[in-house]
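# Residue-level structure breakdown
For reference, the chains in residue letters:
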Amino acid sequence: MSVLMTACRPNSSRFRIQSAKGGKGAKPKSAKKRQRKPEGSVAACNVMMWCWELQGRPITILFRKDTLDTWVNDEKVDTMANFTDNGSEMNFQVGCHKGRIRGTMGNNMKQGMIYTLLIDGYVIPEDTT
């Protein structure tokens, strides 16, 4: 019975003998160092961005799909999230204007959620640059 129990265990004594002789099996394999992302980085597939001019001022809105955070000109804004039968809506303010990001389900599973930005009811096209 003990022969069966020890049959699958690696023979560590063989490595000790080779290490004493200076053999190849003595060195443990070093673990590869994982490259870490910088702290502020986000995967591009998780971010939507809209850039346009509002009353002569450039406006940039970033929306993180994974956390539902909304940023207006590099400042995080408070949003009120509402979940509906068709998807979700995030309401926020851009100066004195009302902003809304509407998320609806796509036609198929590959599309996933489709997000649309509305400012005062007008659709703003997504920035693809």
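The notes below deal with the structure included here. (Residues numbered from 1 in each chain as written. Predicted model: local features only at pLDDT ≥ 70, side-chain atom pairs only at ≥ 80, totals over all residues. Heavy atoms only, no water.)

### Some remarks on the sheet that holds strand β5 (residues 80-83)
One open sheet accounts for 5 strands, arranged β5-β6-β7-β8-β9; its pairing is antiparallel. One side of each edge strand has no neighbouring strand; the edge strands of this open sheet are β5 and β9 (122-124). Between one strand and the next, the sheet's axes are offset by a mean angle of 30°, whatever the strand orientation. Note: strand β6 (residues 87-94) against strand β7 (residues 97-105), 8 bridges, orientation antiparallel. Counted as the bridge partner of Q93 is K98 from β7. (Pairing = 2+ DSSP bridges. Helix = DSSP H or I, 4+ residues; strand = E, 2+ residues; numbered from the N terminus. Axes fitted to C-alpha atoms, helices over the stretch in contact; angles between N-to-C directions.)

### Focus on unusual backbone geometry
Among all residues except glycine, the phi angle is most often negative; among peptide bonds, the trans geometry is most common. Of note, L68 is a non-glycine position whose phi angle comes to about 60°, a positive value. In this structure, L68 sits in the loop between β2 (57-64) and β3 (70-72). Judged by its relative accessible area of 27%, L68 falls in the partly exposed class. Residue D74 is not a glycine yet carries a positive backbone phi of 65°. Within the fold, D74 resides in the loop between β3 and β4 (75-77). For D74, a relative accessible area of 69% translates into the label exposed. (Buried < 20%, exposed > 50% of the residue type's maximum accessible area, 1.4 Å probe, protein only.)

### Some thoughts on the pattern of salt bridges
Within this structure, the stated rule accounts for 4 salt bridges. In this structure, R100 engages E89 in a salt bridge whose closest nitrogen and oxygen atoms are separated by 3.8 Å. Here the residue R100 occupies a position in strand β7, and E89 occupies one in strand β6, the gap between them amounting to 11 residues. Exposure remark for R100: the relative accessible area of 27% places this residue in the partly exposed category. Several salt bridges converge on common partners, so that one network encompasses E89, R100 and R102. (Salt bridge = Lys/Arg side-chain N within 4 Å of Asp/Glu carboxyl O.)

### Regarding the packing of aromatic side chains
Applying the stated rule across the entire model yields 1 aromatic pair. An angle of 55° between the planes, with centres 5.0 Å apart, marks the rings of F63 and Y115 as tilted. Taken together, the residues span a long stretch of sequence, with F63 in strand β2 and Y115 in strand β8 (residues 113-119) at a distance of 52 residues. For F63, a relative accessible area of 0% corresponds to the buried category. Classification of Y115 by relative accessible area gives buried; the value is 13%. (Phe/Tyr/Trp six-rings, centres within 6.5 Å; stacked < 30°, edge-to-face > 60°.)

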